[in-house]
There are 2 protein chains.
Amino acid sequence: MDAEYFLKLENQLCFSIYACSREITRLYRPILDQLELTYPQFLALTVLWEHKRLTVKEMSELLYLDSGTLTPMLKRMETMDLLKRERSREDERKVFIELTEKGVQLRKDALQLPEKCIPHFGLSKTEYYELLQKINQMITSLQKVTRTNNEVK
Amino acid sequence: MDAEYFLKLENQLCFSIYACSREITRLYRPILDQLELTYPQFLALTVLWEHKRLTVKEMSELLYLDSGTLTPMLKRMETMDLLKRERSREDERKVFIELTEKGVQLRKDALQLPEKCIPHFGLSKTEYYELLQKINQMITSLQKVTRTNNEVK
DNA sequence: TAAAATCAAATTGTGCACAACTTAATTTTA
DNA sequence: TAAAATTAAGTTGTGCACAATTTGATTTTA
């Protein structure tokens with residue numbers, strides 16, 4: 001492994017991925033602005049459109065975000081009348097998140113997002129799927145290290 | 001294009017890339033902690049190791065970060081004695097950034113980063129390069145839209 | 001060459017991201 | 001079954017990211 005080589009910015013895959021992530025968010029922003037959503041809020045809605053009702057913990061596992069990020073964001077979204085937060089009666093440590101009618105309805109408007117944005121990725125259908133698969137493979141590998149006690153040192 | 005399909009979290013390439021970016025940062029963190037650096041600070045050092053002296057504008061173009069992000073970060077790094085900020089005499093709008101001896105020396109310690117981290121990406125050499133290329137291709141496509149006035153609406 | 005336009009950096013304000021910690025509830029175990 | 005351990009959510013504090021705006025310098029142009 002040539003450490004000198006990989007220390008150059010242009011050869012750092014981590015930088016490319018980090019920059020690409022922000023570039024996609026920038027692409028999405030004008031449309032999300034119309035829906036009055038941020039990108040993380042849109043992701044939170046996405047999992048709620050799929051699962052109806054989730055605890056904060058479950059959302060945290062789906063989005064890889066912790067309660068320190070989710071709690072304040074969900075509170076903001078509650079204020080915006082997109083969702084309800086309700087503490088579980090069976091286990092009072094848990095808080096259930098459920099969409100309001102407004103939150104459910106927003107899905108219709110959000111459908112334009114993939115249609116308007118994905119063409120700008122500059123990828124063929126095949127490239128899109130292959131890239132998705134590769135990145136997911138990478139996430140799985142990374143989580144083996146980052147989600148255990150085997151910290152890299 | 002099946003918008004319903006692409007609205008599912010698992011099919012969203014943007015989510016994968018966003019999650020992957022954070023997962024890599026998490027992998028890097030224990031090592032960067034030892035160097036007392038954050039990931040964006042490490043990137044700032046990376047471009048300064050390559051270019052010796054840069055204006056804020058030039059760093060902003062290399063890292064795709066604006067002055068609102070860079071100025072406070074560079075001030076923190078100046079306090080940490082990693083770099084100097086000096087306003088240009090020829091054009092007083094510009095501020096030059098240059099590494100201190102401490103900033104230069106940190107490069108030696110940073111060399112361990114790629115060596116220790118890249119193996120955990122779970123990619124072969126070929127896969128690494130292909131992925132790097134694909135992501136860079138994607139960034140270029142995205143910038144055609146995000147870095148012009150043709151906003152997606 | 002003086003006004004208008006542009007430019008570079010800094011500032012302000014909002015919203016993540018996340019480490020570290022706290023609180024309160026539930027589960028485990030001695 | 002009471003103490004210890006674990007768990008879920010919330011809190012606190014720091015550091016990005018970035019839009020929008022401001023400040024001051026330089027360039028363009030009428």
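The structure under discussion appears in the preceding block.
For the structure given in this document, a descriptive report is provided here. (Residues numbered from 1 in each chain as written. Chains lettered and ligands numbered in written order. Predicted model: local features only at pLDDT ≥ 70, side-chain atom pairs only at ≥ 80, totals over all residues. Heavy atoms only, no water.)

What follows covers the protein's contact with DNA strand C. In the vicinity of DNA strand C, 30 residues are found, and the nearest of them are Tyr18, Arg29, Lys57, Lys75 and Arg85 of chain B. Within 4 Å of the protein, the atoms of DNA strand C are drawn from sugar and phosphate moieties in a proportion of 81%. Within the backbone of valine 56 of chain B, an N or O atom sits 3.3 Å from a phosphate oxygen of DNA strand C. When contributions to the surface near DNA strand C are tallied by element, the ones reaching two or more residues are helix H3 (39-51) and helix H5 (67-79) of chain A together with helix H2 (13-34), helix H4 (56-63), helix H5 (67-79) and strand S2 (83-87) of chain B. Of the residues belonging to the surface near DNA strand C, the class tally is seven nonpolar, eight polar and 15 charged. (Near = heavy atom within 4 Å. Polar contact = N/O pair within 3.5 Å; in protein donor to acceptor, adjacent residues only side chain to side chain. Helix = DSSP H or I, 4+ residues; strand = E, 2+ residues; numbered from the N terminus. Nonpolar A, V, L, I, M, F, W, Y, C, P; charged D, E, K, R; others polar.)

It is worth spelling out the protein's contact with DNA strand D at this point. For DNA strand D, the set of nearby residues contains 30 residues, the closest of which are Tyr18, Arg29, Lys57, Lys75 and Arg93 of chain A. One of the backbone N or O atoms of valine 56 of chain A is found 3.3 Å from a phosphate oxygen in DNA strand D. Only helix H2 (13-34), helix H4 (56-63), H5 and strand S2 (83-87) of chain A together with helix H3 (39-51) and H5 of chain B provide two or more residues apiece to the surface near DNA strand D.

Turning next to H4 of chain B. Residue and element names in this part refer to chain B. If you check which residues of H4 are buried, you get Val56, Met59, Ser60 and Leu63. Viewed along the axis of H4, the buried residues span an arc of 105°, placing them on a single side of the element. Tyrosine 64 sits one or two positions beyond H4 and adopts a positive phi of about 55°. (Buried < 20%, exposed > 50% of the residue type's maximum accessible area, 1.4 Å probe, protein only. Arc of directions from axis to C-beta.)

What follows covers the sheet that holds strand S3 (residues 95-99) of chain A. All names here are of chain A. Read from one edge to the other, the open sheet built from three strands follows the order S1-S3-S2, with strand pairing classed as antiparallel. Every interior strand has two partners, whereas the edge strands, strand S1 (53-55) and S2, have only one. For this sheet, the mean inter-axis angle between neighbouring strands, taken without regard to orientation, is 25°. Relative to S3, S2 is paired through five bridges, and the arrangement is antiparallel. Of the residues in S3, the one forming a bridge with lysine 84 is glutamate 98. The strands that H4 touches are S1 and S3; relative to S1, the one it contacts most, it runs at about 90°. (Pairing = 2+ DSSP bridges. Axes fitted to C-alpha atoms, helices over the stretch in contact; angles between N-to-C directions. Contact = heavy atoms within 4.5 Å.)

Time to look at the packing of H2 of chain A against helix H8 (residues 125-146) of chain B. For the pair H2 of chain A and H8 of chain B, interaxial distance at closest approach is 9 Å and the crossing angle is 30°. Put simply, H2 of chain A runs roughly parallel to H8 of chain B. Between H2 of chain A and H8 of chain B the crossing geometry is left-handed. Mapping the contact onto sequence places Leu13, Ser16, Ile17, Ala19, Cys20, Glu23, Ile24, Arg26 and Leu27 of chain A in H2 of chain A and Tyr128, Leu131, Leu132, Ile135, Asn136, Met138, Ile139, Leu142, Gln143, Val145 and Thr146 of chain B in H8 of chain B. Its residues placed into classes, the contact of H2 of chain A with H8 of chain B shows 14 nonpolar, four polar and two charged. (Parallel < 35°, antiparallel > 145°, perpendicular 65-115°, else oblique. Left-handed = near helix turned anticlockwise from the far one by under 90°.)

Within the secondary structure layout, asparagine 11 of chain A lies in the loop between helix H1 (3-6) and H2. Put simply, asparagine 11 of chain A and leucine 35 of chain A are 24 residues apart on the chain and 37 Å apart in space, counted from C-alpha to C-alpha. If we ignore the near neighbours within four places in the chain, the residues touching asparagine 11 of chain A are Tyr5 and Phe6 of chain A together with Tyr128 and Leu132 of chain B.

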